[in-house]
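This is what each chain is made of:
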Amino acid sequence: MLKQRVVTALILLPLILGPIIWFPTPWLYVFLAGPGLIAAWEWTALMGLVTSTVRFGYLALVAAFLALAWYAATLDRAVGVLVLGAAWWVHALRLISGYPDNFRRRPPALATMAVYGLLMLVPALLGLALLHGAANGPRRIFFLFELVWMADIGAYFAGRRFGRRKLAVEVSPGKSVEGAIGGFVAAMLVAALSAPWVFGAGRFDWLPLLLLCALVIGVSIIGDLTESLFKRHRGVKDSGTLLPGHGGVLDRVDSVLAAAPVLALGLLLAGI
């Protein structure tokens, strides 16, 4: 399994990093729509949709909202889309904290799940595009990846070494409080080290940026737990089988989906 994960990652990295470095932002947005729609397809399975016609119909709906989000950005209305995305992850934290009792009392309806999928995907892809379109855009996206990946890697190793208390036992029994703390510390260290390279030394205030990074790291953990919640609700281990050793696209990007709109919104509001 570890070998599969490494090989898959080595194949995917150039395919992801190349467009981020060389594509203009509108092309990158179109490019990102591809994996975004694959993630939407996987989400239709978590919604419980079965027939291909209905599932492709949902993909068309997501594509339409991605186009509307881009149009909103051209009218300087992108902040509203990002706020909706950030608000969804606050709601997701409530779902996690109340699981499984809340789902037993009132499982989310199909229409609700459809809205959840839109709020997960559309603000995230727009957030990535906005990060890319800013000064040093590719570096900003790499900064986002650093925060998410270091939080995940740090949590894995800290959890294996020190993990005792469960973080959300009903949602993801393998995650621990100690692991989350270890991941948080690792990601914050990387943020402090790489921030001058990304944003320019002396061109930003440290306190707002580090507070934003702390928030983004926390939200990335919520993103991971949220997908785990819906997989557990549906009774599946992975969202898909497209990526050997990793599962589905949603399994790999859940934390990024949560972190992207929050980082993009925070940098816009802070003027960084």
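The structure contained in this document is the topic of the report that follows.

Our next topic: the overall build of the protein chain. Along the protein chain, the regular secondary structure elements total ten helices and two strands. Along the protein chain, helices (α) and strands (β) appear in the sequence α-α-α-α-α-α-α-β-β-α-α-α when read from the amino end. Taking 2.2 N^0.38 as the reference for a compact globule, 272 residues should give roughly 19 Å; the C-alpha atoms of the protein chain span a radius of gyration of 18 Å, in line with that estimate. By its C-alpha atoms, the protein chain is 50 × 45 × 35 Å across when sized along the principal axes. Per-residue burial for the protein chain yields a buried fraction of 47% across its 272 residues. Put simply, of all contacts in the protein chain between residues at least 6 apart along the chain, 74% involve residues at least 24 apart. For the protein chain, the accessible area works out to roughly 13,700 Å², and carbon and sulfur atoms hold 68% of it. Across the protein chain, the 22 positively charged side chains and the 13 negatively charged ones have centroids separated by 3 Å.

Turning next to a nonpolar patch on the surface. A cluster of nonpolar residues, L13, W149, I153, Y156 and F157, forms a patch on the protein surface that exposes about 520 Å² of accessible area. Here the nonpolar patch gets four residues from one element, more than from any other, and that element is helix α7 (residues 137–162). Residue placement: I153 occurs in helix α7.

Following the criterion strictly, the structure yields six salt bridges and no others. Across the pair K175 and D224 runs a salt bridge whose closest N-O atoms are separated by 3.4 Å. Placement of the pair is K175 in strand β2 (residues 172–176) and D224 in helix α9 (residues 206–234), with a sequence separation of 49 residues. When its relative accessible area of 25% is taken as the criterion, K175 is described as partly exposed. D224 sits in the buried class, given a relative accessible area of 17%. Residue D238 is joined to K237 by a salt bridge in which the shortest nitrogen-to-oxygen separation is 3.9 Å.

What follows concerns the nonpolar core. W43, W89, L144, F199 and F230 are the most contacted members of the largest nonpolar core, which has 81 residues in total. Among the elements of the structure, α2 (25–47), α3 (52–74), α4 (78–98), α6 (110–133), α7, α8 (177–199), α9 and α10 (249–270) are those that each provide at least two residues to this core. The leading source of residues in this core is α6, at 13 residues. If we skip the residues at most four places from it in the chain, F230 touches W43, L46, W88, L95, F103, M113 and Y116.

Right, let's get into the packing of aromatic side chains. Tallied over the full model, the rule gives 15 aromatic pairs. Judged by centre distance (5.1 Å) and plane angle (80 degrees), the rings of W43 and F230 are edge-to-face. With W43 in helix α2 and F230 in helix α9, this pair connects stretches of sequence that are 187 residues apart. The pair W43 / F230 is uniform in exposure class, with both members buried. Each residue in the set W43, W88, W89, Y99, F103, Y116 and F230 is aromatic and connected to the rest through ring pairs, giving one cluster. Between R55 and the ring centre of W41, over which it is positioned, the NZ or CZ distance is 3.9 Å.

Attention now goes to the pairing of β2. Here strand β1 (residues 166–168) runs beside β2; their pairing, made up of two bridges, is antiparallel. Counterpart to A168 in the pairing with β2 is S172. Linking β1 back to β2 in an antiparallel pair, the connection comprises three residues.

Cut-offs and rules
- Residues numbered from 1 in each chain as written.
- Predicted model: local features only at pLDDT ≥ 70, side-chain atom pairs only at ≥ 80, totals over all residues.
- Heavy atoms only, no water.
- Helix = DSSP H or I, 4+ residues; strand = E, 2+ residues; numbered from the N terminus.
- Rg over C-alpha atoms; globule rule 2.2 N^0.38 Å.
- Buried < 20%, exposed > 50% of the residue type's maximum accessible area, 1.4 Å probe, protein only.
- Contact = heavy atoms within 4.5 Å.
- Areas by Shrake-Rupley, 256 points an atom, 1.4 Å probe, with all protein chains shown as cover.
- Lys, Arg positive; Asp, Glu negative; His and termini not counted.
- Charge placed at Lys NZ, Arg CZ, Asp CG, Glu CD.
- Patch = residues over 30% accessible without salt bridge, like charges linked within 9 Å, V, L, I, M, F, W, Y side chains within 5 Å.
- Salt bridge = Lys/Arg side-chain N within 4 Å of Asp/Glu carboxyl O.
- Core = buried A, V, L, I, M, F, W, Y, C linked by side-chain atoms within 4.5 Å.
- Phe/Tyr/Trp six-rings, centres within 6.5 Å; stacked < 30°, edge-to-face > 60°.
- Lys NZ or Arg CZ within 6 Å of the ring centre and 35° of its normal.
- Pairing = 2+ DSSP bridges.

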